[in-house]
Amino acid sequence: MAMMMKVVAVAAAIAVMAVAVAPGAEAALSCNYVIQSLFPCVRWVQGGGVGGPPGQCCSGIQTLYRAAATTPDRQTVCGCLKNLAGSYGSFVGIAAGLPSKCGVRIPYKISPSIDCSKIK
């Protein structure tokens with residue numbers, strides 16, 4: 001159970017970084033979707049981020065980036081993941097580098113103290 005919580009926390013930290021910025025309307029994404037999208041990144045992050053992230057990890061980040069098409073989506077994803085990432089902050093530093101390693105640019109710094117209401 002503890003390992004699963006760590007896996008979820010790592011996925012959460014990664015997902016916070018992957019949320020894209022684009023105009024929108026109503027939230028359609030769930031935390032389960034986010035975790036499933038980023039699950040391929042978990043072992044890489046837990047392993048210390050050595051080498052490049054796996055292709056499936058980057059594919060998940062890019063998919064999540066495109067799926068978070070509305071402000072409510074991005075804020076919802078941020079909020080559910082912020083809570084998990086705050087509990088397992090030791091992975092945030094490694095996970096924060098994933099978007100750029102996967103060719104995704106996000107316009108904010110990833111941290112457990114991010115104010116998700118400011119994400120547009």
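Here the structure is a predicted model, which is why all the values come from computation and not from measurement.

**Q** What is the right way to read the overall build of the protein chain from this model?
**A** Scanning the protein chain for helices and strands turns up seven helices and zero strands. Buried positions account for 46% of the 120 residues belonging to the protein chain. Pairs at least 24 residues apart make up 85% of the contacts formed inside the protein chain by residues separated by at least 6 positions. Of the roughly 6000 Å² that the protein chain leaves accessible, carbon and sulfur atoms contribute 57%.

**Q** Where do I start with the state of the cysteines in this structure?
**A** Put plainly, two cysteines are in a disulfide when a covalent bond ties their sulfur atoms together. One pass over the structure, following the stated rule, counts three disulfides. The disulfide bridge from cysteine 41 ends at cysteine 57, spanning 2.0 Å between sulfur atoms. Every disulfide takes its handedness from the sign of the S-S torsion; for cysteine 41 and cysteine 57 that torsion is 100°, giving right-handed. With cysteine 41 in the loop between helix H2 (31-38) and helix H3 (42-46) and cysteine 57 in helix H4 (residues 55-67), this residue pair connects regions lying 16 residues apart in the sequence.

**Q** I'm lost on the side chain of serine 37 in this one. Help?
**A** Relative to the helices and strands, serine 37 is located in helix H2. Dropping the residues within four chain positions of it, serine 37 is found in contact with Gly60 and Leu64.

**Q** What am I meant to see in the confidence of the model for the protein chain here?
**A** Close reading of the predicted structure is inappropriate where its pLDDT is low. The pLDDT averaged across the protein chain works out to 78; a share of 72% of its residues lies at or above 70. The least confident element of the protein chain, judged by mean pLDDT, is helix H1 (residues 2-18) at 54; the most confident is H4 at 92. A low-confidence stretch, residues 18-24 (pLDDT under 50), is modelled with 28 contacts involving residues beyond four sequence positions or located in other chains.

**Q** What is the right way to look at the side chain of arginine 74 in this model?
**A** By secondary structure assignment, the location of arginine 74 is in helix H5 (residues 71-87). Buried and unpaired, arginine 74 has no salt bridge, with aspartate 73 as the nearest side chain of opposite charge at 6.5 Å. In terms of polar contacts, arginine 74 uses its side chain to reach the side chain of threonine 71, at 3.1 Å.

**Q** Looking at this structure, I do not really get the environment of tryptophan 44. What am I missing?
**A** Relative to the assigned elements, tryptophan 44 resides in helix H3. The exposure class assigned to tryptophan 44 is buried, which follows from its relative accessible area of 9%. Linking tryptophan 44 and leucine 98, residues 54 residues apart in sequence, is a C-alpha distance of 9.9 Å. With residues near it in sequence (within four places) discarded, tryptophan 44 still touches Gly49, Val50, Gly51, Gly52, Pro53, Pro54, Ile94, Leu98 and Lys101. Here valine 50 takes part through its backbone oxygen, which lies 3.1 Å from a polar atom of the side chain of tryptophan 44. Of note is the side chain of tryptophan 44, whose polar atom sits 3.2 Å from the backbone oxygen of glycine 52.

**Q** What is the right way to look at H4 in this model?
**A** Each α-helix winds once per 3.6 residues, and so residues spaced three or four apart point in a common direction. An ideal rise of 1.5 Å per residue puts 18 Å on 13 residues; H4 measures up with 18 Å between its terminal C-alpha atoms. For H4, the set of buried residues is Cys57, Cys58, Gly60, Ile61 and Leu64. In a view along the axis of H4, the buried residues occupy a sector of 155°, so they form one face of it. The exposed residues of H4 that point more than 90 degrees off its buried face are Gly55, Gln56 and Arg66.

Cut-offs applied
- Residues numbered from 1 in each chain as written.
- Predicted model: local features only at pLDDT ≥ 70, side-chain atom pairs only at ≥ 80, totals over all residues.
- Heavy atoms only, no water.
- Helix = DSSP H or I, 4+ residues; strand = E, 2+ residues; numbered from the N terminus.
- Buried < 20%, exposed > 50% of the residue type's maximum accessible area, 1.4 Å probe, protein only.
- Contact = heavy atoms within 4.5 Å.
- Areas by Shrake-Rupley, 256 points an atom, 1.4 Å probe, with all protein chains shown as cover.
- Disulfide = S-S within 2.5 Å.
- pLDDT = per-residue confidence, 0-100.
- Lys, Arg positive; Asp, Glu negative; His and termini not counted.
- Salt bridge = Lys/Arg side-chain N within 4 Å of Asp/Glu carboxyl O.
- Polar contact = N/O pair within 3.5 Å; in protein donor to acceptor, adjacent residues only side chain to side chain.
- Expected span 1.5 Å × (residues − 1).
- Arc of directions from axis to C-beta.

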